[in-house]
Amino acid sequence: MRRLVLTATAGLALVLAAGTHAGWFRNQEQESLEHFKAGDFERAAAGFSDQYRRGVALYRDGRFAEAAEAFGRSERTSVRQDAVYNLGNARFQLGDFAGAAKAYETVLAENAGHADAQHNLALARAMLARLEQEAFEEEKRKQEEREEQERREREEEERQAREQEEREQQQESEQQQ
C-alpha cells in the first residue's frame, strides 16, 4: 500500500512538473507557432519546417524573396491554393508583377471565384500596364532628346559652314582689292 502511495505521489509530481514546464512537451512547430502568435516572425520562420507556415512568417517579417521561395516549395495539398496565392502576393511586393499575375492566374484557373486573386490580378495587370506606359514614355523622351541633339549638331555645322564661307568670301574680296 505504501508503495502504491509513493508511486501515485511520484506520478502526481510528474504531472505537476509537466504543467510548469509545458515547453518540454512541445515540438518545434508548436514553439514556432507561439513565436508567430507573439509577433516574433523571424524566430517563427526559423523554426517552422512546414514551408507554407514558414512562408507566412517570412512574409509577415517583410522578407518577401524568402517567402516566395517557401511558398513555391510548399507541398501540402490542403494549402496549395493559398500557397500559390501568397506566392503572388510576395512577388507583387518584390515588384515582379508578371510573376504575381501568373500566380493569381493559376489560382483562378483552379478557383475562378477567388475574389482576392481576381482583385490582385487586376492590380498586377494595372501595374504592368503602368510600367509599360512609363517605359514607352521614357523611350519616347530619349528619342526626342536624340533628335534635339542631332538638330543642334546640324545647326552648329550649318553655322560653322556659313562662317567658313563668309571668311572665304572676305578673303577673296581682300585679295581682289
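The structure under discussion appears in the preceding block.
Notes on the structure in this doc start here. Please read these numbers as outputs of a predicted model, since none were measured by experiment. (Residues numbered from 1 in each chain as written. Predicted model: local features only at pLDDT ≥ 70, side-chain atom pairs only at ≥ 80, totals over all residues. Heavy atoms only, no water.)

## A closer look at the overall build of the protein chain
Short version of the rule: In this text, helices come from DSSP runs of H or I with a minimum length of four residues, and strands from runs of E with a minimum of two, each type numbered from the N-terminal end. Relative accessibility under 20% of the residue-type maximum defines a buried residue, over 50% an exposed one, and the middle range a partly exposed one, all with a 1.4 Å probe and only protein chains included. Only heavy atoms matter for contacts: two residues are in contact if any of them lie within 4.5 Å across the pair. The Shrake-Rupley method, run with a 1.4 Å probe, gives the accessible areas here. Residue values count only the displayed protein chains as cover.
Along the protein chain, the regular secondary structure elements total eight helices and zero strands. Written out in order from the N terminus, the α and β elements of the protein chain read α-α-α-α-α-α-α-α. The buried share of the protein chain, taken over its 177 residues, is 23%. Summarising the internal contacts of the protein chain: among those between residues at least 6 apart in sequence, 28% fall at separations of at least 24. When the accessible surface of the protein chain is totalled, it reaches about 12800 Å², and 50% of it is carbon and sulfur.

## Here we look at the packing of aromatic side chains
Note the following rule: Aromatic rings from Phe, Tyr and Trp, taking only the six-membered ring of Trp, are treated as a pair when their centres fall within 6.5 Å; an angle between ring planes under 30 degrees marks them as stacked, one over 60 as edge-to-face, and anything in between as tilted.
Applying the stated criterion to the full structure yields five aromatic pairs. Aromatic pair phenylalanine 36 and phenylalanine 41: ring centres 5.1 Å apart, planes at 65°, arrangement edge-to-face. The class for phenylalanine 41 is buried, based on a relative accessible area of 18%.

## Digging into the pattern of salt bridges
Operational definition: Here, a salt bridge means any Lys or Arg side-chain nitrogen found within 4 Å of an Asp or Glu carboxyl oxygen.
Summed over the entire model, instances satisfying the criterion amount to 17 salt bridges. Where aspartate 40 meets arginine 43, a salt bridge forms, and the shortest distance between an N and an O atom there is 3.9 Å. Aspartate 40 sits in the partly exposed class, given a relative accessible area of 27%. Several salt bridges converge on common partners, so that one network encompasses Glu148, Arg151, Arg152 and Glu155.

## A look at the side chain of glutamate 29
To be explicit about the condition: In protein, a polar contact requires one atom able to donate a hydrogen and another able to accept it; more generally it is a pair of N or O atoms within 3.5 Å, and residues adjacent in sequence count only if both atoms are side-chain atoms.
Structurally, glutamate 29 is set in helix H2 (residues 28–37). Judged by relative accessible area, glutamate 29 falls into the buried class, the value being 18%. Within the local environment of glutamate 29, its side chain forms a polar contact with the side chain of arginine 53, the two groups lying 3.5 Å apart. Beyond its immediate chain neighbours, meaning those up to four positions away, glutamate 29 contacts Gly47, Phe48, Ser49, Asp50 and Arg53.

## Considerations on the nonpolar core
Generally speaking, nonpolar side chains in soluble globular proteins are found buried as a group. The test is simple: Joining through side-chain atoms within 4.5 Å is the link that ties buried Ala, Val, Leu, Ile, Met, Phe, Trp, Tyr and Cys residues into a set, and such a set is a nonpolar core.
Ranked by size, the top nonpolar core spans 16 residues in total, and within it Phe36, Ala57 and Phe71 carry the most contacts. For this core, the elements supplying multiple residues, two or more each, are helix H3 (41–47), helix H4 (51–60), helix H5 (64–73) and helix H6 (80–93). Ranked by residue count, the leading element in this core is H5, at four residues. For alanine 57, the residues in contact, after removing those within four places along its chain, are Phe36, Phe41, Ala44, Ala45 and Phe48. Listed in part, the eleven residues of the second largest apolar core include Val84, Tyr85, Ala101 and Val107.

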